[in-house]
Amino acid sequence: MLLILLAGCSMMAEHFGSAADPTNDEAVIFEVPKGAHVRRLGDPLEAAGLVSSAADFERYAQLTKEGGCIKAGRHALAPSMSAGELIEAMCAAPLADDVPFTVVEGWRIQEIDAALAEKGWTQAGEYAALAAQPERFQAPFPLPTGSLEGYLFPETYMVAVGRWDTERFIQRQIDLLVERFYVPNKDALGASNRSMSEIVIMASMLEREEPKVKNRPLVAGILWKRIDAGWNLGVDATSRYTLDEWNDRSAFLGKLRDPNDPYNTRLRGGLPPTAIGNPSPPSLEAALSPVDSEFWYYLHDSRQDIHPSRNASEHEAYRRKYNVY
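Note that this is a predicted model, so its numbers are computed, not measured.

About the criteria used
- Residue numbers here run from 1 along each chain, matching the order of that chain's written sequence.
- Residues qualify for local features only when their pLDDT is at least 70, as the model is predicted, and side-chain atom pairs are given and counted only at 80 or more; totals for whole chains, interfaces and linings, by contrast, use all residues.
- Side-chain figures throughout are based on the complete set of non-hydrogen atoms in the structure, without hydrogens or water.
- Secondary structure counts use DSSP, requiring at least four H or I residues in a row for a helix and at least two E residues in a row for a strand, with both numbered from the N terminus.
- For the radius of gyration, the atoms used are the C-alpha atoms, and the globule rule reads 2.2 Å times the number of residues raised to 0.38.
- Here's how the labels work: a residue is buried when its accessible area is under 20% of the maximum for its type, exposed when over 50%, partly exposed in between, all with a 1.4 Å probe on protein chains only.
- Contact definition: two residues touch when any of their heavy atoms are within 4.5 Å.
- Positive charges come from Lys and Arg alone, negative charges from Asp and Glu alone, with His and the N- and C-terminal ends not counted.
- Note that the charge is assigned to NZ on lysines, CZ on arginines, CG on aspartates and CD on glutamates.
- Counted as salt bridges are all cases of a side-chain nitrogen of Lys or Arg within 4 Å of a carboxyl oxygen of Asp or Glu.
- Any Phe, Tyr or Trp ring, taking Trp's six-membered ring, that has another such ring centre within 6.5 Å forms a pair; planes under 30 degrees apart are called stacked, those over 60 apart edge-to-face, and the others tilted.
- Note on criteria: charge over ring means Lys NZ or Arg CZ within 6 Å of the ring centre, with the direction from the centre no more than 35 degrees off the ring normal.
- The rule for a disulfide is simple: a pair of cysteine sulfur atoms within 2.5 Å.
- Only the stretch in contact is used when a helix axis is fitted, and all axes are lines through C-alpha atoms; the angle between N-to-C directions ranges over 0 to 180 degrees.
- These descriptions rest on fixed angle ranges, namely under 35 degrees for roughly parallel, over 145 for roughly antiparallel, 65 to 115 for roughly perpendicular, and the rest for oblique.
- Less than a right angle of anticlockwise turn of the near helix away from the far helix marks a crossing as left-handed, whereas a clockwise turn marks it as right-handed.
- Amino acids are sorted into nonpolar (Ala, Val, Leu, Ile, Met, Phe, Trp, Tyr, Cys and Pro), charged (Asp, Glu, Lys and Arg) and polar (every other residue, Gly among them).

1. Thoughts on the overall build of the protein chain
Inference 1: The secondary structure content of the protein chain amounts to 13 helices and 6 strands.
Inference 2: Scaling as 2.2 N^0.38, a compact globule of 325 residues should have a C-alpha radius of gyration of about 20 Å, whereas the protein chain reaches 30 Å, well beyond that.
Inference 3: When its C-alpha atoms are laid out on the principal axes, the protein chain stretches across 105 × 45 × 40 Å.
Inference 4: Within the protein chain, the fraction of its 325 residues that count as buried is 42%.
Inference 5: The long-range fraction of contacts in the protein chain, counting pairs at least 24 apart against all pairs at least 6 apart in sequence, stands at 61%.
Inference 6: Across the protein chain, the mean location of the 33 positive side-chain charges is 6 Å away from that of the 45 negative side-chain charges.

Here's what the structure looks like:
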């Protein structure tokens, strides 16, 4: 008699546990709420198209007493799964709740801060405030004082929103700079007679000055030659750095005329006091491995093609030819 009862229960469970659509293997991301009981998941599973009948699924769970191991979180399920397979999948480790966040090449701290605040992951100013405290972070080279501008590696990061930690994220950016640039180029950095700080600052200018990656080593060579010769750099992008809006032309023109602006490389010698954004690997590599040339000047035409020149007269001729002032 007991065997007959067991067989009957098994047949009933098989009936109640049939797949909603055996031909549909397309994954559906289903979230099991915290504290949920398997016998209360029928309705949301039916709403997601994962079971054909909420009542049948709950009857299956009742008959088999399966599901005590289900885990809260997101799970990849499919309509082709039987009730038993659905429960087994929900008992497995849930999917990570990571989502992508892209730090765009060349972004300043303020743009990263604004993007994080827009996502609702931070309060406005939180990221910037921490990035102004380099002493809180670790690197195998000296970090600058006052600002981590330039050291916050641009990349698409997968982040766990529910466990967001701004300080940990900044350290992760520095760690990626170490992994992707510093470690592979440590020997070259030592032989360059340039500090990590100088390389980062130069790279940040190249990111803004030269839109074509292939030309950045050439521009780097021109700019380093100017530095070594004691010339002013004349990189107009540096005068945009402290603007609220990078493309605010009237504010930019005012900065170009301001001799007290420490980022005015037309009127002041040497590198700017900090990087002017967070450079990409090609810009960092160009700053470290510049191309020597006969050129001292360059400009870009309306198509963003570069025109280097050997002296001031050639440079002025290009200005007139391409109407660049």
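2. Re the side chain of R226
Inference 1: Relative to the helices and strands, R226 resides in helix α10 (residues 216-229).
Inference 2: Buried and without a salt bridge, R226 has E209 as its closest oppositely charged side chain, separated by 9.0 Å.

3. A word on helix α12 (residues 281-288)
Inference 1: Listed in full, the buried residues belonging to α12 are S283, L284, A286, A287 and L288.
Inference 2: Summarising the contacts, the buried residues of α12 are in contact with α7 (166-182), α8 (186-191), α9 (196-209) and α10.

4. Re the packing of aromatic side chains
Inference 1: Under the criterion given, the structure shown has 12 aromatic pairs.
Inference 2: Arranged with centres 5.1 Å apart and planes meeting at 75 degrees, the rings of Y157 and F169 form a pair that is edge-to-face. Of this pair, Y157 sits in strand β4 (residues 156-160) while F169 is found in helix α7, placing the two residues 12 residues apart along the sequence.
Inference 3: Given a relative accessible area of 4%, F169 falls into the buried group.
Inference 4: Plain terms: the ring middles of Y241 and Y263 are 4.9 Å apart, the flat faces sit at 45 degrees to each other, and that makes the pair tilted. Of this pair, Y241 sits in the loop between α10 and α11 (249-256) while Y263 is found in the loop between α11 and α12, placing the two residues 22 residues apart along the sequence.
Inference 5: By relative accessible area, which is 12% here, Y241 ends up buried.
Inference 6: Accessibility expressed as a relative area gives 10% for Y263, which makes it buried.
Inference 7: Between the NZ or CZ atom of R208 and the centre of the ring of W246, over which it lies, the distance is 3.7 Å.
Inference 8: For the cation-ring pair, R226 lies above Y297, with the distance from its terminal atom to the ring centre recorded as 4.9 Å.

5. Focus on the state of the cysteines
Inference 1: Scanning the entire structure with this criterion turns up 1 disulfide.
Inference 2: A sulfur-sulfur separation of 2.0 Å characterises the disulfide bridge that pairs C69 with C91. Judged by the torsion about the S-S bond (85 degrees), the C69/C91 disulfide is right-handed. You can see C69 sitting in the loop between α3 (54-64) and β2 (73-77) and its partner C91 sitting in helix α4 (residues 83-91), a full 22 residues away along the chain.

6. Describing the packing of α10 against α12
Inference 1: One way to put it is that α10 packs onto α12 with a least axis distance of 8 Å and a crossing angle of 45 degrees. Taken together, the axes of α10 and α12 are oblique relative to one another. With respect to the hand of their crossing, α10 and α12 are arranged in right-handed fashion. Here R216, P217, A220 and W224 of α10 come into contact with α12, specifically with P282, S283, A286 and A287.
Inference 2: The residue inventory of the contact of α10 with α12, partitioned by class, reads 6 nonpolar, 1 polar and 1 charged.

7. A word on the pattern of salt bridges
Inference 1: This model, assessed by the stated rule, comprises 10 salt bridges.
Inference 2: The closest approach of N and O atoms between E316 and R319, which form a salt bridge, is 3.4 Å. In this pair, E316 and R319 are both assigned in helix α13 (residues 312-322), 3 residues apart and thus about one turn of the helix distant.
Inference 3: The partly exposed category is assigned to E316, whose relative accessible area is 34%.
Inference 4: By relative accessible area, R319 is classed as partly exposed at 21%.
Inference 5: Each of K212, R303 and D305 takes part in one network of salt bridges that share partners.

8. Examining the packing of α9 against α12
Inference 1: For the pair α9 and α12, the least separation of the axes is 8 Å and the interaxial angle reads 120 degrees. When the interaxial angle is binned, α9 and α12 end up oblique. Considering the relative orientation of α9 and α12, their crossing is right-handed. Two secondary-structure elements touch here, α9 through I199, V200, M202, A203, L206 and E207 and α12 through S283, L284, A286, A287 and L288.
Inference 2: Within the contact of α9 with α12, the residues separate by chemical class into 9 nonpolar, 1 polar and 1 charged.

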